[in-house]
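# Breakdown of the fold
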Amino acid sequence: MKENEQASLSIKKIALITVMLIFMLGMGVRATTTSLRTVKIVLSDNYQIEVITTKKVVSEILEENHIIVLPTENVFPSLDAEVSNENATITIASSENPTELVTLAEESQRVSVEQLLSNYSPITEKIVTKNEEISYKTLDENGKEVDVDNSSKNYKVQKKGKTGKKQSVYKVKYQNDIEIEKIEISNKIISQPVNEIVKETLEVSTRSSNSYREGTVSSQNAKGLAKLVEGIEPQVKTLNASAYTASTCGKSPSSPGYGITASGARATAWYTVAAGSAYPIGTIIYIPYFANKANGGWFVVQDRGGAIKNNKLDVYMDTYRECEIFGRRNLECYIYVK
């Protein structure tokens, strides 16, 4: 009886051990099967291969398949990244093709823009100090800011404005010698701007065949220019007008030619304009838009300019601030070519 019981116990032990071994082998097979994954590798010449691997790290997968990354190539995702999902793609691209790198970066969440840029061109930072102008405001007698050029009212300058100066320090990032970011670190005021003070006048602008305004400093010039073109039929054209001043002409104030026009005369506000070669030096132009200004709208072509073509006009003004306010606009012009 005892022998039967012992035999039965031995059989049970063997059965239990067998079940445990089968279970452990099954777990091992499942673990091995689970860790296997298919990965597509796209080489820099667009050749594609699919591999089955148990590796997770990109560098290990490439090494396992004897793929060497050249110094001129980049890998997406990066070599130290892990590939955990099934049917993942590893792409090797040439760093000599920035467009391709940008496209791949957009497809890969692991690659930031800054990392991408560093792959094919270094970013350099510089501390840059610049001296800059501070624009002044134009105020009326009550301290209210006014736009004299776009106002229907007439104003007379009581106190002339002056631009201020400041020294600004910037941290600037460059890539391929191109500025890609500029952050102001600090600035120091060298001189404060002096606001221009103007007073509203009751002067009335009259437009007759001569188109000049009485009682102004330039009224005699307006009369004289209008007299010179009596009997001449003007060419009526719409020209794209901008404004310039002596400081925008690329010459230093200490230069002998500073403020001197192509005609040899000194540039004068509300008198001098720069025009294309189709209009000879000395050509008289009447611009109705400026009829209520000191010159009654009459100008003389005294200057040229590299960017001034026959469909453009540049009006000389005293300050850069006035040029900024005027901007650029299309104006009707009466051109008297003798």
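Okay, so let's go over this structure.

Cut-off values and rules
Residues numbered from 1 in each chain as written. Predicted model: local features only at pLDDT ≥ 70, side-chain atom pairs only at ≥ 80, totals over all residues. Heavy atoms only, no water. Helix = DSSP H or I, 4+ residues; strand = E, 2+ residues; numbered from the N terminus. Buried < 20%, exposed > 50% of the residue type's maximum accessible area, 1.4 Å probe, protein only. Contact = heavy atoms within 4.5 Å. Areas by Shrake-Rupley, 256 points an atom, 1.4 Å probe, with all protein chains shown as cover. Pairing = 2+ DSSP bridges. Axes fitted to C-alpha atoms, helices over the stretch in contact; angles between N-to-C directions. Salt bridge = Lys/Arg side-chain N within 4 Å of Asp/Glu carboxyl O. Core = buried A, V, L, I, M, F, W, Y, C linked by side-chain atoms within 4.5 Å. Patch = residues over 30% accessible without salt bridge, like charges linked within 9 Å, V, L, I, M, F, W, Y side chains within 5 Å. Phe/Tyr/Trp six-rings, centres within 6.5 Å; stacked < 30°, edge-to-face > 60°. Lys NZ or Arg CZ within 6 Å of the ring centre and 35° of its normal.

So, about the overall build of the protein. For the protein, the count of helices and strands is six helices and 16 strands. Taking all 338 residues of the protein together, 35% fall into the buried category. Partitioning the intrachain contacts of the protein with sequence separation of at least 6 by distance along the chain shows that 67% fall at a separation of at least 24. Surface accessibility of the protein: about 21100 Å² in total, with carbon and sulfur atoms responsible for 51%.

In this section: the pairing of strand E1 (residues 37-42). Most of E1 is tucked away, with five of its six residues classed as buried. Relative to strand E2 (residues 48-53), E1 runs antiparallel, the two being bridged by six bridges. Of the residues in E2, the one forming a bridge with Lys-40 is Glu-50. The loop that links E1 with its antiparallel partner E2 comprises five residues; one of these, Asn-46, has a positive phi angle of about 75°. When E1 meets strand E4 (residues 88-94), the two strands line up parallel, connected through four bridges. By the bridge assignment, Ile-41 is partnered in E4 with Ile-90.

If you trace the four strands from one edge of the open sheet to the other, you get E2-E1-E4-E3, paired in mixed fashion. The outermost strands of the open sheet, each flanked by one partner alone, are E2 and strand E3 (73-76). With direction set aside, neighbouring strand axes in the sheet form an average angle of 20°.

With that settled, consider the pattern of salt bridges. Counting across every chain of the model gives three salt bridges. Between Glu-125 and Lys-173 there is a salt bridge, and its shortest N-O distance comes to 3.9 Å. With Glu-125 in strand E5 (residues 123-134) and Lys-173 in strand E8 (residues 164-175), the pair connects residues that are 48 residues apart, well separated along the chain. Across the pair Glu-181 and Lys-173 runs a salt bridge whose closest N-O atoms are separated by 3.7 Å. Connected through salt bridges with shared partners, the residues Glu-125, Lys-173 and Glu-181 form a single ionic network.

Let's shift gears to the nonpolar core. Within the largest apolar cluster, 26 residues are counted, with the highest numbers of intra-cluster contacts made by Ile-285, Ile-287, Phe-290 and Leu-313. Breaking this core down by element, the ones donating at least two residues are strand E11 (235-244), strand E12 (272-275), strand E14 (298-303), strand E15 (312-316), helix H6 (320-326) and strand E16 (329-336). Sort the elements by how many residues they give to this core and E11 lands first, with four residues. Those residues in contact with Phe-290 that lie beyond four places of it in its chain are Trp-270, Asn-295, Gly-296, Gly-297, Phe-299, Val-315, Phe-326 and Leu-331. Counting residues in hydrophobic clusters, the runner-up holds 13 residues, among them Val-39, Val-51, Ile-61 and Ala-81.

What follows concerns the sheet that holds E12. Ordered in space as E11-E15-E12-E14-E13-E16, the six strands form a closed barrel in which the pairing is mixed. On average, adjacent strands in this sheet sit at an angle of 45° to one another, irrespective of strand direction. Relative to E14, E12 runs parallel, the two being bridged by three bridges. Looking across to E14, one finds that Val-273 is bridged to Val-301.

Taken together, the side chains of Ile-123, Ile-178 and Ile-180 present a nonpolar region at the surface, about 240 Å² in accessible area. When you line up the elements, Ile-178 lands in strand E9 (residues 178-191).

This next bit is on the packing of aromatic side chains. A full pass over the atoms with the stated rule returns ten aromatic pairs. Consider the rings of Tyr-286 and Trp-298, whose centres lie 5.0 Å apart with planes at 40°: the pair is tilted. A residue pair is termed long-range when its members are at least 10 positions apart, and Tyr-286 in strand E13 (residues 284-286) and Trp-298 in strand E14 qualify at twelve residues. The same class applies to Tyr-286 and to Trp-298, which are both buried. Taking 5.0 Å as the distance between ring centres and 90° as the angle between the ring planes, the aromatic pair formed by Tyr-289 and Phe-290 counts as edge-to-face. You can call Phe-290 buried: its relative accessible area is 1%. Joined through ring pairs, the aromatic side chains of Trp-270, Tyr-289, Phe-290, Phe-299 and Phe-326 make up one cluster. Between Lys-182 and the ring centre of Tyr-170, over which it is positioned, the NZ or CZ distance is 4.5 Å.

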